[in-house]
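# An overview of the molecular structure
One-letter residues, chain by chain:
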Amino acid sequence: MKRQQTTVEHTDTLIIGAGLSGIGIAYYLQKEQPARSFTLLEARTATGGTWDLFRYPGIRSDSDLHTFGYEFKPWVDNHAIAGADKILDYLRNTASENDINRHIRFQHKVVKATWSTKQACWCVEVEREDTEERFSMTCNWLFSAAGYYRYDHGYTPDFEGVERFGGAVVHPQQWPEDLDYQDKQVLVIGSGATAVTLVPAMTDKAGHVTMLQRTPSYIISLPSEDVIANTLRKWLPDDIAYSITRRKNIALSRGIWRFCQRFPTLARKAIRYSNKRSLPENYPVDEHFNPPYNPWDQRLCVAPDGDFFQAISEGRASVVTDHIQTFTEKGVRLTSGQELEADIIVTATGLNLQAFGGIDMVVDGKLVDMSEKVAYKGMMLDGVPNFAFAIGYTNSSWTLKVGLLCEHFCRILAYMDQHDKSICCPTLPQPDMPTRPLLDFGAGYVQRSLSKLPRQGLGAPWVIPMDYWVDKKLMKDGPVEDPNLRFYSATAERRVHDTPFVQTGLQTEGA
């Protein structure tokens, strides 16, 4: 019988995810490394990631789009704080204009990735979500642009008696398209950005919307339009106006964050003063808008044009600060004894974090324990060769960080070409190097998952600075060469592990 060999598709860089980060790295690869092939695998049926997944009323970005947008593509809409529909159009136009769509495979979920030092490549197991077929691809580099949370379901605490409630219980991450809340009493549980977005957005139809919070959050009013940006665009070309506005907004957001870090008491007073001016006279500001932590210990929530405070002032929404004792047939009973009745309860209680799409990673026969790994420059992991990932800022626009690391990634590839190297791997200066949690952030969804995430060190390049200008100096202007980043050729420069590398589908069959 004739021997047959199953063909396994190979690509230089395999990108997991076709959302904001995935489209971004595809653009930079195409521009900076045109000779290299790349493929994007997207588990869902459309591009856009978060902005296509979430469908709840009012879904928008908390960050201004002049910094949340890509550095290479100007944001030209009048609204600087925009809804998901405009953000999706922006992302999809970027992909279309740069011919990125032809590189995307939809309903392709990465299940497992296995690295072989001997062969200097990854073998990636992929599952077709539509056919449940499994097959393998190989790549020189694996790039995770899968974000940081689980796409299949969000986080909901175990509420006592929830089965007794007679109405609908909805999590924003699984918002039903046919949910009718016209003239209904809506109870939103939570106090984060999602809740602050939902409350004013639902008041246009609902009879009344109540936000029930266990702990207050800092909420600040910002104009939805950037007057300076819109004025500049009238007199200057879009790219120049965008560049000026982007620099202005980076400096402004960085300045606010640093002020909050350095002068937390003054920052708290300033936010309280703003809140008090936006709310009705004699409103109990300290009861509902006085968090027990300092500003920017958790992310500040944004109310565009003060819509959240306006809904309260007009009597269309209200805030209750208390703890849930149990769900009842008609709503929830609080520890104070008060009962809040509702027709619909929205559990805006957060996300479930998940590193790199939850894929299993194996390096030379050993399963990678993410909790034991340390992040290098916030984009690679120690001891994991030819693997990079995109995680943005928690205190500023996500895309600012992603743009820098995409550029740095392309510089690493160029360096490897120049020096005829095929393997790149961060290496700790000493195995017992002191570390700390990956994210220094007090949000509940972060704290619940820190033990499962990689860690960071105490200093560069193992620390993750939440400062654009520090990262710019390190990743855009600084050298690729670093004693902590090792490069090898595919020859015997590096010790080859004894564990054999099995590529599914590469074996020959027949006799």
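These notes cover the structure that comes with them.

Between its first and last C-alpha atoms helix α4 (residues 84–97) spans 20 Å; for 14 residues at 1.5 Å apiece the expected length is 20 Å, and the two agree. What α4 keeps buried is the set Ala84, Ile87, Leu88, Tyr90, Leu91, Thr94 and Ala95. Down the axis, α4 shows its buried residues gathered within 160° of arc, on one side only. For α4, the exposed residues lying more than 90 degrees away from the buried face are Asp85 and Glu97. Those residues of α4 that are buried lie in contact with α1 (20–32), α2 (50–53), α3 (65–68) and α7 (238–262). Following α4 by one or two positions, aspartate 99 has its phi on the positive side, about 55°.

This brings us to the sheet that holds strand β16 (residues 339–341). With antiparallel pairing, the three strands of this open sheet are ordered in space as β14-β15-β16. Among the strands making up the open sheet, the edge pair consists of β14 (324–327) and β16. Averaged over neighbouring strand pairs, the angle between their axes works out to 25° when direction is ignored.

Here we take up the nonpolar core. In this structure, Trp122, Leu142, Phe289, Phe308 and Ile412 are the most contacted members of the largest nonpolar core, which totals 140 residues. In terms of residue count, helix α11 (residues 398–418) provides more of this core than any other element does, 12 residues in total. In terms of nonpolar packing, the next biggest core, distinct from the first, is built from 12 residues, Phe165, Phe327, Leu340 and Ala342 among them.

This part is about the side chain of asparagine 386. Topologically, asparagine 386 is positioned in the loop between β21 (380–381) and β22 (387–389). Here serine 422 takes part through its backbone oxygen, which lies 3.0 Å from a polar atom of the side chain of asparagine 386. Looking at asparagine 386, its side chain comes within polar contact range of the main-chain nitrogen of cysteine 424, at 2.8 Å. Excluding anything up to four places from it in sequence, asparagine 386 contacts Trp115, Trp122, Asn140, Trp141, Leu142, Met416, Ser422, Ile423 and Cys424.

A cluster of nonpolar side chains, contributed by Phe259, Phe263 and Leu266, occupies part of the molecular surface with about 260 Å² of accessible area. Structurally, leucine 266 can be placed in helix α8 (residues 264–278).

Attention shifts here to the sheet that holds strand β13 (residues 317–321). Strand order in the open sheet formed by five strands is β8-β17-β9-β10-β13, and the pairing between neighbours is parallel. In this open sheet, the two strands that pair with only one neighbour each are β8 (168–170) and β13. Recorded for the sheet is a direction-independent mean angle of 20° between the axes of neighbouring strands. Note: strand β10 (residues 208–213) against β13, five bridges, orientation parallel. When the sheet's bridge partners are listed, glutamine 213 is paired in β13 with threonine 321.

Here we take up the packing of α7 against α8. In the contact formed by α7 and α8, the axes pass within 5 Å of each other and the chain directions differ by 115°. Contact residues: Phe259, Cys260, Gln261 and Arg262 in α7; Pro264, Leu266 and Ala267 in α8.

We describe a pair of aromatic rings using the distance from one ring centre to the other and the angle between the two ring planes. On inspection of all chains with the given rule, the structure shows 26 aromatic pairs. Relative to phenylalanine 72, the ring of tyrosine 27 has its centre 3.5 Å away and its plane inclined at 10°; by these criteria the two rings are stacked. Here tyrosine 27, found in helix α1, pairs with phenylalanine 72, found in the loop between α3 and α4; they are 45 residues apart in sequence, far enough to count as distant. The interplanar angle of 10° and the centroid separation of 4.8 Å between the aromatic rings of tyrosine 70 and phenylalanine 72 together place this pair among those described as stacked. Taking the relative accessible area as the measure of exposure, tyrosine 70 reaches 3% and is therefore buried. Within the aromatic cluster, the residues linked to one another by ring pairs are Tyr27, Tyr28, Tyr70, Phe72, Trp75 and Tyr90.

Another point: the environment of asparagine 249. By the element assignment, asparagine 249 lies in helix α7. Taking relative accessible area as the criterion, asparagine 249 reaches 7% and is therefore assigned buried. C-alpha of asparagine 249 to C-alpha of arginine 486: the two residues are 237 residues apart in sequence and 36 Å apart in space. Look past the residues within four positions of asparagine 249 in its chain and what remains in contact with it is Asp64, His66, Thr67 and Asp226.

Once that is clear, we can look at the packing of α1 against α11. Viewed as axis vectors pointing N to C, α1 and α11 meet at an angle of 35°, and their least axial separation amounts to 9 Å. Of the two possible hands of crossing, α1 and α11 adopt the one that is right-handed. Across the interface between the two elements, Leu20, Ser21, Gly24, Ile25, Tyr28, Leu29 and Glu32 from α1 touch Trp398, Thr399, Val402, Gly403, Cys406, Glu407, Phe409, Cys410 and Leu413 from α11.

What counts, and where the lines are drawn
- Residues numbered from 1 in each chain as written.
- Predicted model: local features only at pLDDT ≥ 70, side-chain atom pairs only at ≥ 80, totals over all residues.
- Heavy atoms only, no water.
- Helix = DSSP H or I, 4+ residues; strand = E, 2+ residues; numbered from the N terminus.
- Expected span 1.5 Å × (residues − 1).
- Buried < 20%, exposed > 50% of the residue type's maximum accessible area, 1.4 Å probe, protein only.
- Arc of directions from axis to C-beta.
- Contact = heavy atoms within 4.5 Å.
- Pairing = 2+ DSSP bridges.
- Axes fitted to C-alpha atoms, helices over the stretch in contact; angles between N-to-C directions.
- Core = buried A, V, L, I, M, F, W, Y, C linked by side-chain atoms within 4.5 Å.
- Polar contact = N/O pair within 3.5 Å; in protein donor to acceptor, adjacent residues only side chain to side chain.
- Patch = residues over 30% accessible without salt bridge, like charges linked within 9 Å, V, L, I, M, F, W, Y side chains within 5 Å.
- Areas by Shrake-Rupley, 256 points an atom, 1.4 Å probe, with all protein chains shown as cover.
- Salt bridge = Lys/Arg side-chain N within 4 Å of Asp/Glu carboxyl O.
- Phe/Tyr/Trp six-rings, centres within 6.5 Å; stacked < 30°, edge-to-face > 60°.
- Left-handed = near helix turned anticlockwise from the far one by under 90°.

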